[in-house]
Amino acid sequence: GIFQLDIDEIWQDIGLEDETVDPPQWLADENVRQGIHLLLNLDCCMKEEDRLRHEHCVMQECMIMKWTALQMAQEVTSKLLA
């Protein structure tokens with residue numbers, strides 16, 4: 001279990017100064033890190049665009065319902081006043 005872990009080795013700095021260590025690109029390459037950041041930003045933008053499309057449809061449906069109700073009210077009112 002978790003209490004059987006040997007954590008004494010965590011505090012050793014083995015490998016931090018070695019030049020033979022090949023760190024992952026996301027850690028060693030600034031361009032890769034920037035690319036990851038840009039992809040995450042793009043993902044957020046795409047989700048926001050989807051949310052706005054949905055909101056646009058909901059607003060359009062609401063306005064159609066209100067417009068229809070106004071037209072019906074106008075018809076009823078014009079018949080009552082005629």
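Note: the structure precedes this text.
Reference entry: report on the structure contained in this document. Predicted, not measured: the structure shown is a model, and the values here were computed from it.

Attention now moves to the overall build of the protein. Scanning the protein from terminus to terminus reveals 2 helices and 0 strands. Counting the 82 residues in the protein, one finds 0% classified as buried. Per element, the accessible surface of the protein, about 8,400 Å² overall, is 63% carbon and sulfur.

Side chains that differ in charge, positive against negative, can pair when their charged atoms come close. Taken as a whole and assessed by the stated rule, the structure comprises 6 salt bridges. In this structure, the salt-bridge partner of K47 is D43, at a minimum N-O distance of 3.5 Å. You can see K47 and its partner D43 sitting in helix α2 (residues 30–81), 4 residues apart, about one turn around the helix. Residue class for D43 comes out partly exposed when judged on its relative accessible area of 36%. Across the pair R51 and E55 runs a salt bridge, and its minimum N-O distance is 2.8 Å. A residue pair is termed a helical-turn pair when its members lie 3 or 4 positions apart in one helix, as R51 and E55 do in helix α2 at 4 residues. For E55, a relative accessible area of 34% translates into the label partly exposed.

The subject of this paragraph is α2. With 52 residues, α2 should reach 76 Å at 1.5 Å per residue; the first-to-last C-alpha distance of 75 Å fits that figure. Measuring from the backbone nitrogen of N31 back to the side-chain oxygen at the start of α2 gives 3.0 Å, which picks out D29 as the cap.

Our next topic: a nonpolar patch on the surface. A surface patch of nonpolar side chains, about 420 Å² in accessible area, is lined by W26, L27, I36 and L40. Breaking the nonpolar patch down by element, the ones donating at least two residues are α1 (25–28) and α2. As for its placement among the helices and strands, L40 is situated in helix α2. On the basis of relative accessible area, L40 is assigned to the exposed category, the value being 52%.

Further remarks concern the environment of S78. Topologically, S78 is positioned in helix α2. With a relative accessible area of 42%, S78 lands in the partly exposed category. A distance of 2.9 Å separates a polar side-chain atom of S78 from the backbone oxygen of E75.

Below, the discussion takes up the environment of W26. Within the secondary structure, W26 is located in helix α1. Note: C-alpha distance between W26 and I36 (10 residues apart in sequence) is 7.9 Å.

Procedures and definitions
Residues numbered from 1 in each chain as written. Predicted model: local features only at pLDDT ≥ 70, side-chain atom pairs only at ≥ 80, totals over all residues. Heavy atoms only, no water. Helix = DSSP H or I, 4+ residues; strand = E, 2+ residues; numbered from the N terminus. Buried < 20%, exposed > 50% of the residue type's maximum accessible area, 1.4 Å probe, protein only. Areas by Shrake-Rupley, 256 points an atom, 1.4 Å probe, with all protein chains shown as cover. Salt bridge = Lys/Arg side-chain N within 4 Å of Asp/Glu carboxyl O. Expected span 1.5 Å × (residues − 1). Polar contact = N/O pair within 3.5 Å; in protein donor to acceptor, adjacent residues only side chain to side chain. Patch = residues over 30% accessible without salt bridge, like charges linked within 9 Å, V, L, I, M, F, W, Y side chains within 5 Å.

Read these as spatial facts, not as claims about activity.
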